[in-house]
Amino acid sequence: MKKDEPPLDFPDTLEGFEYAFNEKGQLRHIKTGEPFVFNYREDLHRWNQKRYEALGEIITKYVYELLEKDCNLKKISIPEGYGVIVLNPNENYIEVEKPKIHVQSSSDSSDEPAEKRERKDKVSKETKKRRDFYEKYRNPQREKEMMQLYIRENGSPEEHAIYVWDHFIAQAAAENVFFVAHSYGGLAFVELMIQREADVKNKVTAVALTDSVHNVWHQEAGKTIREWMRENCCNWVSSSEPLDTSVESMLPDCPRVSAGTDRHELTSWKSFPSIFKFFTEASEAKISSLKPAVTRRSHRIKHEEL
């Protein structure tokens, strides 16, 4: 903590932060009516970040209460009996002070072909780089050196996706399952397809990716998976072009269209109207045994049609 930095004892209610949701569901300051401001105090990034996280916890609880009350959804601890509510697949671990011991990896990949081992190492380094950047941004001044103890069977976003599929989605009675996968969630979905290809194809009707960071080459997705993605997936990416404008892709997987914003964190929200139209057409096409033409977008959909 900096010498003149305020304490980190933040309120535990929205009212304490002087925020509330208006009739449109927008978070606004009670007194000024302004949206949330991250840089509440200049030159205090760490304090602002902690304030942001504290408010985020309150909003998360509020949203879960709405999902349970208004949508009749059920909040479940996973894995069963573990006693942990997973709120974010990217944070499926608890942090403890790191002991001063060196842990030697026991994995032996000497039997793998050199080319495959090289690809896996590259993906591993890129994944670590992303996570390290996330940790630095989330808390740039960690007081203690920490280690991560991963939650059983949910130690990574990829593991979490497979666990949720096996224990919930695969057992659900729903005949039409739709995915919205944002950012790293797209990578987790592709890994799910690699591990459960036949089951996913049988149960999932359509997939909307929003600024996904997946890579079918690095993840070694097979030809049949890439073909399925071309017909049943669409990636709304960050772009300054209008919503649904076709965006060129270097990957042979699924169509890419503009989300109508160049801000990564807004791609899901900005593309929701088009995503729901995409899901509706995919569902109707499945019923009539026709392929959803919406995935073959080679031209911009006029905004008036939405």
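This structure is a prediction, so every number in the text was calculated from the model and none was measured.

> Can you walk me through the pattern of salt bridges in this structure?
Side chains bearing opposite charge may pair, as long as their charged atoms lie close to each other. Scanning the entire structure with this criterion turns up 6 salt bridges. Taking the shortest distance from any N to any O, the salt bridge between Lys50 and Glu53 comes out at 3.9 Å. With a gap of 3 residues between them, Lys50 and Glu53 both fall in helix 1 (residues 45-70), about one helical turn apart. When its relative accessible area of 23% is taken as the criterion, Lys50 is described as partly exposed.

> Sorry, what's going on with a nonpolar patch on the surface here?
The grouping of Tyr62, Val63, Leu66, Leu67 and Leu73 at the surface amounts to a nonpolar patch, some 370 Å² of accessible area in total. Turning to its location among the elements, Leu67 is positioned in helix 1.

> Can you walk me through the pairing of strand 7 (residues 233-237) in this structure?
Side-chain positions along a regular strand alternate between the two faces of the sheet. For strand 7, the tally of buried residues reaches 5 of 5 residues, placing the bulk of the element in the interior. Residue alternation in strand 7 divides its side chains into two sets, Cys233, Asn235 and Val237 and Cys234 and Trp236, and both sets are buried. With 4 bridges connecting them, strand 6 (residues 204-210) and strand 7 associate as parallel partners. Along strand 7, the bridge assignment pairs Thr210 with Trp236. As paired strands, strand 7 and strand 8 (residues 256-258) are joined by 3 bridges and run parallel to one another. Looking at strand 8, one finds that Trp236 is bridged to Val257.

> It is not clear to me how the confidence of the model for the protein chain should be interpreted in this structure. Could you clarify?
In regions of low pLDDT, the predicted coordinates are not meant to be interpreted in detail. Here the protein chain shows a mean pLDDT of 78. Residues at 70 or above account for 71%. Between residues 133-146, whose pLDDT stays under 50, and residues either more than four places distant or in other chains, the model counts 28 contacts.

> Would you mind going over the side chain of Arg226 with me for this structure?
Note that Arg226 resides in helix 6 (residues 223-232). One buried charged residue, Arg226, forms no salt bridge at all, with the nearest opposite charge on Glu227 at 7.2 Å. Once residues lying within four places of it in the same chain are set aside, the contact partners of Arg226 are Val216, Trp217, Ala221, Pro252 and Asp253.

The rules behind the values
Residues numbered from 1 in each chain as written. Predicted model: local features only at pLDDT ≥ 70, side-chain atom pairs only at ≥ 80, totals over all residues. Heavy atoms only, no water. Salt bridge = Lys/Arg side-chain N within 4 Å of Asp/Glu carboxyl O. Helix = DSSP H or I, 4+ residues; strand = E, 2+ residues; numbered from the N terminus. Buried < 20%, exposed > 50% of the residue type's maximum accessible area, 1.4 Å probe, protein only. Patch = residues over 30% accessible without salt bridge, like charges linked within 9 Å, V, L, I, M, F, W, Y side chains within 5 Å. Areas by Shrake-Rupley, 256 points an atom, 1.4 Å probe, with all protein chains shown as cover. Pairing = 2+ DSSP bridges. pLDDT = per-residue confidence, 0-100. Contact = heavy atoms within 4.5 Å. Lys, Arg positive; Asp, Glu negative; His and termini not counted.

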